[in-house]
Amino acid sequence: MAEQILDQVRDVFEGQIDFEGQKLAELLANLALSVVGVVAFLVGYFLQDIKLAVWIGLGGTALTFVAVVPPWPFFNKNPVKWLPVGGGISTQPVNLVIGEKAT
Amino acid sequence: MYSSLVRIQNTFGFFTTVAFVVAAFVALSDFVAPRTPVIHSLKTTNLQVVRGRPHYYSSKKEEYAIIKFSLDADLSSLFTWNTKQLFVYITAEWPSTTPSGATIASNATANQAVIWDSIITAPSSDHLANIGPATLKKLKKSAAGKPIDPSRGKLSLKNQRPKYQITHPSGKMASTEDVTLRLHYNVQPWVGLLTWNQNVDYGRWLKLQGGLSKKFNLPALKKKDEGKAKS
């Protein structure tokens, strides 16, 4: 029973997402942080206010973390199609001889 | 990006990169902002040379000079969004003399000593100023919430007492000739290089106008029988 709870906890912390989700997460993080950087600089420069620029930068980064780190459902839209147990190929015996010289 | 931890690490790594690049742009933006520092007047108002201990813990008695001055300056153009503090200081400079007493005029700044300095914070760093809570409140109110306060950097000091008494390694200061006061400034940014007053125009940054006072001589020591009358 403890193992089941531990498994659940581990799942939460691992936050596994499928491969398309990982690509999306990377793209989203890079894009969001770049946009936040540009916006923070431009707002700060035109309002001549550096404190505001820092707040926008830190706030935007925090939002990016929230959007990218937890395993949101939209990161799991393309789950990996695992083959069924047993391999999925026909299990008919194949003429397989090992060790004999080929004739 | 296969686990939450990896996403945290990668995202934070890119965040530091973005922060560094933005900081670089902030520092570069200073070069686009023009600087037009002007000193309207800098002159001495009272000169005194005293023989005694210059500081409380000085072990020997020396001659030290107290140079009071008046200053009227406008350094407000040095403040941009990236300015954290402006450090302003005034030095007294005079040439060295030969043993026989003749001044070596070729090196007019052989001797330099700071007589006064001041840290002027920008509104963004008022909370870091070395002042008590009441003065801090007044300072913050004077900025009125604006990130740039045009009154910062406008200095109007009348008969200002110097912060520091100055001495010479020889122990003698009386009757020193060809002394001048010079104003310097150091712009301390939030991000970027430290910059001082310059002698040449660099693009939009103009050199300091009029930061040098007229030459003056320090007086002789007061004779004991004259009493301690103020000059």
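Predicted, not measured: the structure shown is a model, and the values here were computed from it. (Residues numbered from 1 in each chain as written. Chains lettered and ligands numbered in written order. Predicted model: local features only at pLDDT ≥ 70, side-chain atom pairs only at ≥ 80, totals over all residues. Heavy atoms only, no water.)

Draft legend 1. Just the overall build of chain B, in detail. Of the regular secondary structure elements, chain B holds two helices and seven strands. Shown N-terminal to C-terminal, the secondary structure of chain B runs as helices and strands in the order α-β-β-β-β-α-β-β-β. On C-alpha atoms alone, chain B measures out to a radius of gyration of 23 Å, which is more than a quarter above the 17 Å that the 2.2 N^0.38 rule sets for 231 residues. Along the first, second and third principal axes, the C-alpha set of chain B runs to 90 × 40 × 35 Å. Residues classed as buried in chain B amount to 41% of the 231 residues present. With an accessible surface of roughly 13,200 Å², chain B has 57% of that area assigned to carbon and sulfur atoms. Side-chain charges of chain B comprise 30 positive and 14 negative groups, with the mean position of each set lying 7 Å from the other. (Helix = DSSP H or I, 4+ residues; strand = E, 2+ residues; numbered from the N terminus. Rg over C-alpha atoms; globule rule 2.2 N^0.38 Å. Buried < 20%, exposed > 50% of the residue type's maximum accessible area, 1.4 Å probe, protein only. Areas by Shrake-Rupley, 256 points an atom, 1.4 Å probe, with all protein chains shown as cover. Lys, Arg positive; Asp, Glu negative; His and termini not counted. Charge placed at Lys NZ, Arg CZ, Asp CG, Glu CD.)

Draft legend 2. A look at the interface of chain A and chain B. The interface of chain A with chain B comprises 31 residues on the first partner and 24 residues on the second. Regarding the contact of chain A and chain B, the summed buried area is about 2,200 Å², with carbon and sulfur atoms giving 72% of it. Among the residues chain A hides against chain B, the three largest losses belong to A:Phe41, A:Gln48 and A:Ile50. Together they make up 27% of the total. The tally of links from chain A across to chain B stands at zero salt bridges. Inspection of the chain A/chain B interface yields six residue pairs in polar contact (both at pLDDT 80 or more). When contributions to the side of chain A that touches chain B are tallied by element, the ones reaching two or more residues are helix 1 (2-14), helix 2 (19-47) and helix 3 (50-68) of chain A. It is helix 2 of chain A that contributes the most residues to the side of chain A that touches chain B, 12 residues altogether. A breakdown of the residues in the side of chain A that touches chain B according to their chemical character gives 17 nonpolar, 10 polar and four charged. (Contact = heavy atoms within 4.5 Å. Buried area = accessible area lost by both parts, 1.4 Å probe. Salt bridge = Lys/Arg side-chain N within 4 Å of Asp/Glu carboxyl O. Polar contact = N/O pair within 3.5 Å; in protein donor to acceptor, adjacent residues only side chain to side chain. Nonpolar A, V, L, I, M, F, W, Y, C, P; charged D, E, K, R; others polar.)

Draft legend 3. Helix 2 of chain A, seen in detail. Along its 29 residues, helix 2 of chain A runs 42 Å from first to last C-alpha, staying within 8% of the 42 Å computed at 1.5 Å per residue. For helix 2 of chain A, every residue scored as buried is listed here: A:Gly21, A:Gln22, A:Ala25, A:Ala29, A:Leu33, A:Val36, A:Gly37, A:Ala40, A:Phe41 and A:Gly44. Residues of helix 2 of chain A that are buried make contact with helix 3 of chain A together with helix 1 (4-32) of chain B. Looking one or two residues beyond helix 2 of chain A, the residue adopting positive phi is A:Gln48, at roughly 50°. (Expected span 1.5 Å × (residues − 1).)

Draft legend 4. A look at the environment of A:Leu24. Residues and elements named next belong to chain A. Summarising the element assignment, Leu 24 is placed in helix 2. Leu 24 sits 21 residues away from Tyr 45 along the chain, and the two C-alpha atoms are 31 Å apart. When residues no more than four places from it in sequence are discounted, the contact partners of Leu 24 are Phe 74 and Phe 75.

Draft legend 5. How the structure looks around the packing of helix 3 of chain A against helix 1 of chain B. Direction vectors running N to C along helix 3 of chain A and helix 1 of chain B enclose 160°, while the axes themselves pass 11 Å from each other. The orientation of helix 3 of chain A with respect to helix 1 of chain B, classified from their angle, is roughly antiparallel. As helix 3 of chain A runs across helix 1 of chain B, the sense of the crossing is right-handed. Residues A:Ile50, A:Leu58, A:Thr61, A:Thr64, A:Phe65 and A:Val68 of helix 3 of chain A pack against B:Arg7, B:Ile8, B:Thr11, B:Phe12, B:Phe15 and B:Val26 of helix 1 of chain B. The class makeup of the residues in the contact of helix 3 of chain A with helix 1 of chain B is eight nonpolar, three polar and one charged. (Axes fitted to C-alpha atoms, helices over the stretch in contact; angles between N-to-C directions. Parallel < 35°, antiparallel > 145°, perpendicular 65-115°, else oblique. Left-handed = near helix turned anticlockwise from the far one by under 90°.)

Draft legend 6. Looking closely at the side chain of B:Thr176. Residues and elements named next belong to chain B. Mapped onto the elements, Thr 176 comes out in the loop between strand 5 (154-160) and strand 6 (180-189). Here Thr 176 falls in the buried class, since its relative accessible area comes to 15%. Engagement of the side chain of Thr 176 in a polar contact is seen with the backbone oxygen of Met 173, the distance being 2.5 Å.

Draft legend 7. Just the confidence of the model for chain A, in detail. The share of residues in chain A with pLDDT of 70 or more is 89%, and the mean pLDDT across the chain is 88. When mean pLDDT is taken per element in chain A, helix 3 of chain A scores highest with 96 and helix 1 of chain A scores lowest with 86. (pLDDT = per-residue confidence, 0-100.)

Draft legend 8. Molecular detail of the sheet that holds strand 2 (residues 62-74) of chain B. All names here are of chain B. Spatially, the three strands line up as an open sheet ordered 1-2-5, and their pairing is antiparallel. Here the strands that pair on one side only, and so sit at the sheet edges, are strand 1 (38-52) and strand 5. Taking the axes of each pair of neighbouring strands and ignoring which way they run, one obtains an average angle of 25° across the sheet. Sheet topology places strand 1 next to strand 2; 13 bridges connect them, and they run antiparallel. Bridging from a neighbouring strand, Asn 46 pairs with Lys 68 of strand 2. (Pairing = 2+ DSSP bridges.)

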